Amino acid sequence: MENHLSFIFFLISFFAPWCCIFAINPACRTTCGSIDVKYPFGTGYGCGSPRFYPYVTCPKDQLLLNTHTGSYPITSISYTTSALTITPPSMSTCNSMQQSPNIGLDWASPFELGPSTFLLLSCTPPTSSLTVKGSPVCDTSSSHLCDSFYTCPSVIGLSLPLFPPSNTCCVYSPANFNSKGELDLRVLKCGGYTSIVSLEDFPTDPNQWQYGGRVGWEFWVA
């Protein structure tokens, strides 16, 4: 009898901590909202590769990319090209323009800025004088994107008049982050930004553009 009681006590003491762990941690899921979640990502602690947690999380059915500058909704993931698209809430679009804080990625994370076209908005004119480490940052050959974007009525959200001069806009492509891993709008003396993933088939119609930031990742199997 004593041996049976000792064995039962052993089972309780062994399994009780694991019961608590499973009660605290949600079960790993294969989707977050409408997005398929595959390795190396996960929907919570203990899911997917630990290198990607807590950078990618799924609170309240919303897949997020978390960095030192904020949390950004992930709208799509391409596992074949190792790239995802984020839509920062403070990023301007044709329907809504606003002042924006800096956006950035953590250097320690496995993520890096992918090929996206950034438009720096409401900058101190002329934007032809914008430089990073002494080098001009504006792509003047794509300035027509600024002309098109500034036709959006929501430009007044940046305290600009309707149809403002495009010398307060800069096409920053390819874009790079500074040593802090950020797009520092204050240093660049710009009020906001937008990022374009694709012009679709409408290069002069900003209502049809696909907005967002492309972020790539690297993953090594030890």
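Residues numbered from 1 in each chain as written. Predicted model: local features only at pLDDT ≥ 70, side-chain atom pairs only at ≥ 80, totals over all residues. Heavy atoms only, no water.

A. Layout of the pairing of strand β6 (residues 83–86). Taking every second residue as pointing to the same face, both faces of β6 are buried, with Ala-83 and Thr-85 on one and Leu-84 and Ile-86 on the other. In this structure, strand β5 (residues 70–78) lies alongside β6, joined through 4 bridges in antiparallel fashion. Considered in β6, the bridge of Ile-77 is made with Leu-84. The turn joining β5 and β6, which pair antiparallel and follow one another in sequence, is formed by 4 residues; a positive phi near 55° is taken by Ser-82. Pairing geometry for β6 and strand β16 (residues 213–217), over 4 bridges, is antiparallel. Opposite Ile-86, over in β16, you have Gly-213 as the bridge partner. (Buried < 20%, exposed > 50% of the residue type's maximum accessible area, 1.4 Å probe, protein only. Helix = DSSP H or I, 4+ residues; strand = E, 2+ residues; numbered from the N terminus. Pairing = 2+ DSSP bridges.)

B. The environment of Asn-167, seen in detail. Within the fold, Asn-167 resides in the loop between α2 (144–149) and β12 (170–172). For Asn-167, a relative accessible area of 34% puts it in the partly exposed group. Those residues in contact with Asn-167 that lie beyond four places of it in its chain are Pro-125, Pro-126 and Thr-127. (Contact = heavy atoms within 4.5 Å.)

C. Broad picture of the sheet that holds β12. Spatially, 4 strands are ordered β12-β9-β14-β15 in an open sheet, and the strand pairing comes out antiparallel. Of all the strands in the sheet, just β12 and β15 (210–211) have a single pairing partner and so form its edges. Sheet topology note: the strand β14 (residues 190–198)/β15 ladder contains 2 bridges and is antiparallel. Paired with Ser-198 across the bridge in β15 is Gln-210.

D. Examining the layout of surface pockets more closely. Taken as a whole, the largest pocket encloses approximately 240 Å³ of empty space. Lining the largest pocket are 13 residues, and of these Val-132, Phe-177, Asn-178, Glu-182 and Asp-184 sit closest to its centre. For the lining of the largest pocket, the secondary-structure elements that each account for two or more residues are β10 (131–132), β13 (182–183) and α3 (185–188). Along the lines of polarity and charge, the residues of the lining of the largest pocket split into 6 nonpolar, 4 polar and 3 charged. Approximately 160 Å³ is the volume found for the second largest pocket. What lines the second largest pocket is simply Leu-105, Asp-106, Trp-107, Ser-109, Phe-111, Glu-112, Leu-113, Ala-175, Asn-176, Phe-177 and Gly-181. (1 Å grid on protein atoms, 1.4 Å probe; cavity = no way out; pocket = protein on both sides within 12 Å on 5 of 7 lines; lining within 4 Å. Points joined across faces, edges and corners; volume = space filled by probe spheres on them. Nonpolar A, V, L, I, M, F, W, Y, C, P; charged D, E, K, R; others polar.)

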